[in-house]
Amino acid sequence: MSDSDISPQFNAKMSITDYKKIIQDADNYFNDNFTHVAIDEIVKLRADFFDALLLHLWQCAELATENVSLNAVGGYGRQTLHLHSDIDICVLSAQALSSHQEAQIGQFFTQLWDLGLELGHSVLALNQIDKACEDISTATSLFEIRHLTGPESHAKQVAERLYGDDLWSSEAFYKAKFSEQDERHKKAQGSAFSLEPNLKNSPGGMRDIQTLIWVTRKYFAAEDMAALRRFGFFTTDEYAELLESQHFIWRTRWALHAAAQRSENRLLIALQSDVARLMGFGDNSHLAIEKMMRQLYRAMRRISELNQMLLQYFKDEILVQADKKSVVLNQHFEINGRMLNARHDDVFVDRKQLIALFIHIAENANDIDGISPLTIRLIRQVRRRLLGDLQDFHSCRKEFIALFRHPQGMGLALSLMHRHGILASYLPQWREIVGQMQFDLYHVYPVDEHTHKLLKNLYSLNGKPETPSFAQPSAVFKAIENKEVLLLAALFHDLGKGRGGDHSELGAVDALQFAKFHELKPSQAKVIAWLVQNHLLLSLSCQRLDIYDPSEVKNLAKSIGTKARLDALYCLTIADIKATNDDLWTNWKATLLRDLYMSISYALRNGLENVLEQRTVVREHKIEALELMGMTETPDVIKQLWKRLPLSFFSNAQPAEIARYSQAMAKYPAERALILLDDSITKGSSDLFVYMKDKPGLFVTLFNTLASLQISVQQANISRTKDGYVVESLKILDYDHHPIRTAGRRERIKQRLKQVLFENRKVPKQRLNSNIDSFISEPKVEFLHSRKKDRTLISVTALDNPQFMSHFCNGFRQFELNIHSAKITTVGEQVDNVFLVSDKEGQSLDDDNKQALKSFFVDFIKEQAPT
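Attention in this report is confined to the structure presented alongside it. Computed from a predicted model, the values in this text were never measured in an experiment.

1. Quick notes on the overall build of the chain
- Scanning the chain from terminus to terminus reveals 36 helices and 17 strands.
- In terms of its C-alpha atoms, the chain occupies a principal-axis envelope of roughly 115 × 60 × 55 Å.
- Out of the 867 residues belonging to the chain, those deemed buried represent 54%.
- Long-range contacts, defined here as pairs at least 24 residues apart, represent 71% of the contacts in the chain between residues at least 6 apart.
- Summed over all atoms, the accessible surface of the chain reaches about 38,700 Å², with 48% contributed by carbon and sulfur.
- Side chains of the chain give 104 positive and 109 negative charges; the mean places of these two sets differ by 8 Å.

Next up, the structure:
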């Protein structure tokens, strides 16, 4: 294809209709050839065509003899003119225009508008350049000025002003363009990978390449990106990759303009089928779109990665920076400035280091903003050489699970792992869903990006709730013990899509295989697979069922089986909805899910908890506790102790707690009270453990003593042994809502508890807090089904209040109730408590006593509430 193929034959006698026909014929010719002619040649030839047209019309407007110049700027200045793109021009003059010249230029612009051309135009005197270029957008456009006709010195003067440091220094220009790009990416919510990507402005789009070109031109006075190879910023392969990706996006944009018959940068779903057909992907709509979009996402991901790498190189080269602080992490990695950097080029010969890199990012989350350009280059090089899956390496598997267990693992570490293709290198299933379309407006992201967002949403629940509707989900998430189970289920929940069949069932099978391969505990594997298979259960139930029908709730509770599964499923559902489409998460949906969650929680407490599931957890906790104690077999002293302890002790405590408590109980004389309170912190609370012979009112005494010390109980698991001992494990906070900070304070608390619990001292009087008004709200008191005929199960739910337990302890004491076990949980602003009690005769409560107790609780709290 050559200029002669479209050389226009213009003459002064042509009408507007004649011009329009020539323009249309030229564009038709370009459209007919763009699939088999290099796209960079097409856009240049179209620019050449309009060069000839503008020069002709300039002469017709009798401007050729005037001391004014016509110049192409912006994309047209780069000689890259896409179909339906704006034609950006700038008319320059040495001094102010005369009225005659203004009229001539006005006539010239009018002709262009009459031809239906989209113009970006400006008219400037050379002495106005400095003022105009104070705006970064105007300065950027003029950076690409290309002389068309008139005095050539005009364009040279503008270039000299811009390439010098008087108007924009290299440092100021870099900062402005970087900030501009950052704002543009934020508007796209940091992702190019929506179902309707913006080919120009999304991350990885045309603007990201142009930003590199602009900075290159300003700092290096280079005409194109090829110059970066000479300066050592690009390897030959990287340059070829950038050009290939750019050309694919250019070709897609040309087809988009042709399909839309207008200037359009968003690849709208309604146009995708036509675009795919024009690009030669075939007429099979879904398959053609799938192929096109996968290639597009791949191109945009490559551009984004190269853009980040090069801009960081530029930053190091251009910006005057103070000496960067360098912190050596180990023999492989260091933190240089705020970037993680590989210390040697062979770092990834050990494949484990590809995953360990992200562990370091998680561990140093507050000190790292990204990965250094050198290290990104090393990642890219080793990524091409990976012949098998990273998970084939046992050391990589251990690091991968460690990342999902790390509190900061789903933060920046996960995002960078996804961005740089290591997640796809690790999981074969992930590679299959990269760029996987979903072909509806309900899902606004392809499967991989949706899953990435879901994991980020779960991670955000660990922080301060972004809106009131996330307060309860956040509290539930924070209380989950083994968060990696939930996070791995989130990873696999949609990995079965695109393979035919039920994606939930396919994903569950994959999850089980993954869990076995990664040596997870059987109970964890079972829960992960269950969550994957049932991840739509709550959302579909809200849509299809009457969630306020007790029979529907009971059926759901039976399907879910345990409170731990419910908590995980609740958080997964909310994160999934928000990752599907931000507009789907509403206060109404939050309320429905919260009500359903609370109803199922109540049903599970009311006798539907899965006992077999509990026994599996107990068995695994015992095995792990023995390992932590350095034992392969259970010694007799531990064996005898564990026989006396109830199942709830092992299911409610973590293995590390079981090991610590068991060793302490085994060593302690039976006739003395054991009180443990050291610097251990769990869930942001201090651990308090009490083990002693049971006696009347012990539970009440314990909580009243803690209340007198201004200590609040966040969680408590209290049970009795088979031979009449009490085992109490509590998570507590001091008066300042923090764990017990000092050894002195911990010792004073232990001494006070020993005095009251063991030496029968009186409980100190509590300090009244005049600011407490939580109990203006009525508590909810319910009697649940108990498997033991001589016991009554009481559920008490109310707003959190430091004096909460004191009020209820008074009720238990007044009614002379024996408390056999208790589970106390603070979730957000709500305290949820379940007590297993009997009357003073050791029998369950009758209906009259139940009603009297319930009335007492409600009335007593109302009386105690401050006015």
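2. A short note on the nonpolar core
- Among the nonpolar cores identified, the biggest contains 186 residues, and Tyr76, Phe108, Phe314, Phe358, Phe400, Leu458 and Ile600 are the most heavily contacted of them.
- It is helix α13 (residues 285–318) that contributes the most residues to this core, 16 residues altogether.
- When sequence neighbours within four positions are dropped, the list of residues in contact with Leu458 reads Phe477, Leu486, Leu487, Ala490, Cys571, Leu572 and Ala575.

3. Quick word on helix α9 (residues 206–220)
- End to end, α9 covers 21 Å across 15 residues, agreeing with the expected 21 Å (1.5 Å per residue, within 8%).
- Of all 15 residues that make up α9, 13 are buried, and the element is covered over most of its length.
- Positive backbone phi, at 55 degrees, marks Ala221, one or two positions downstream of α9.

4. Side note on the packing of helix α30 (residues 636–644) against helix α32 (residues 655–667)
- Put simply, α30 and α32 touch, their axes get as near as 10 Å, and they point 105 degrees apart. As the angle between them shows, α30 and α32 are arranged roughly perpendicular. On α32, the residues touching Val637, Ile638, Leu641 and Trp642 of α30 are Ile658, Ser662, Met665 and Ala666.

5. Looking at the packing of aromatic side chains
- Inspection of every chain in the model, using the stated rule, returns 24 aromatic pairs.
- Ring centres of Phe815 and Phe856 lie 5.7 Å apart, and the angle between their planes is 70 degrees; this geometry places the pair in the edge-to-face category. Of the two residues, Phe815 sits in the loop between α35 (804–814) and β16 (818–827) while Phe856 sits in helix α36 (residues 847–864), which places them 41 residues apart along the sequence.
- Clustering of aromatic rings is evident, with ring pairs tying together Phe400, Phe404, Tyr426, Phe492 and Phe514.

Basis of the calculations
- The written sequence of each chain sets the order in which its residues are numbered from 1.
- Whole-chain, interface and lining totals are the exception, using all residues; otherwise, since this is a predicted model, local features are given only for residues with pLDDT of at least 70 and side-chain atom pairs are given and counted only at 80 or more.
- The side-chain figures draw on all heavy atoms in the structure; neither hydrogens nor water molecules are used.
- Labels follow the DSSP assignment, with helices taken as runs of H or I lasting at least four residues and strands as runs of E lasting at least two, numbered in each case from the N terminus.
- In this scheme, a residue with accessible area under 20% of its type's maximum is buried, one over 50% is exposed, and one in between is partly exposed, where area comes from a 1.4 Å probe on protein chains only.
- When checking whether two residues touch, look at their non-hydrogen atoms; a contact exists if any pair is within 4.5 Å.
- Areas reported as accessible are Shrake-Rupley estimates using a 1.4 Å probe. Residue values count occlusion only from the protein chains shown.
- Neither His nor the chain ends is counted toward charge; the positive residues are Lys and Arg and the negative residues Asp and Glu.
- Here the site of a charge means NZ on Lys, CZ on Arg, CG on Asp, or CD on Glu.
- Nonpolar cores were defined as sets of buried Ala, Val, Leu, Ile, Met, Phe, Trp, Tyr and Cys residues, with membership established by side-chain atoms within 4.5 Å.
- Each residue after the first adds 1.5 Å to the expected span of a helix.
- Orientation is described by lines fitted to C-alpha atoms, with helices fitted over the stretch in contact, and by angles between N-to-C directions that extend from 0 to 180 degrees.
- Should an angle fall under 35 degrees it is taken as roughly parallel, and over 145 as roughly antiparallel, whereas 65 to 115 is taken as roughly perpendicular and any remaining angle as oblique.
- The aromatic pairing rule takes the rings of Phe, Tyr and Trp, using the six-membered ring of Trp, and pairs them if the centres are within 6.5 Å, calling planes under 30 degrees apart stacked, those over 60 edge-to-face and the rest tilted.

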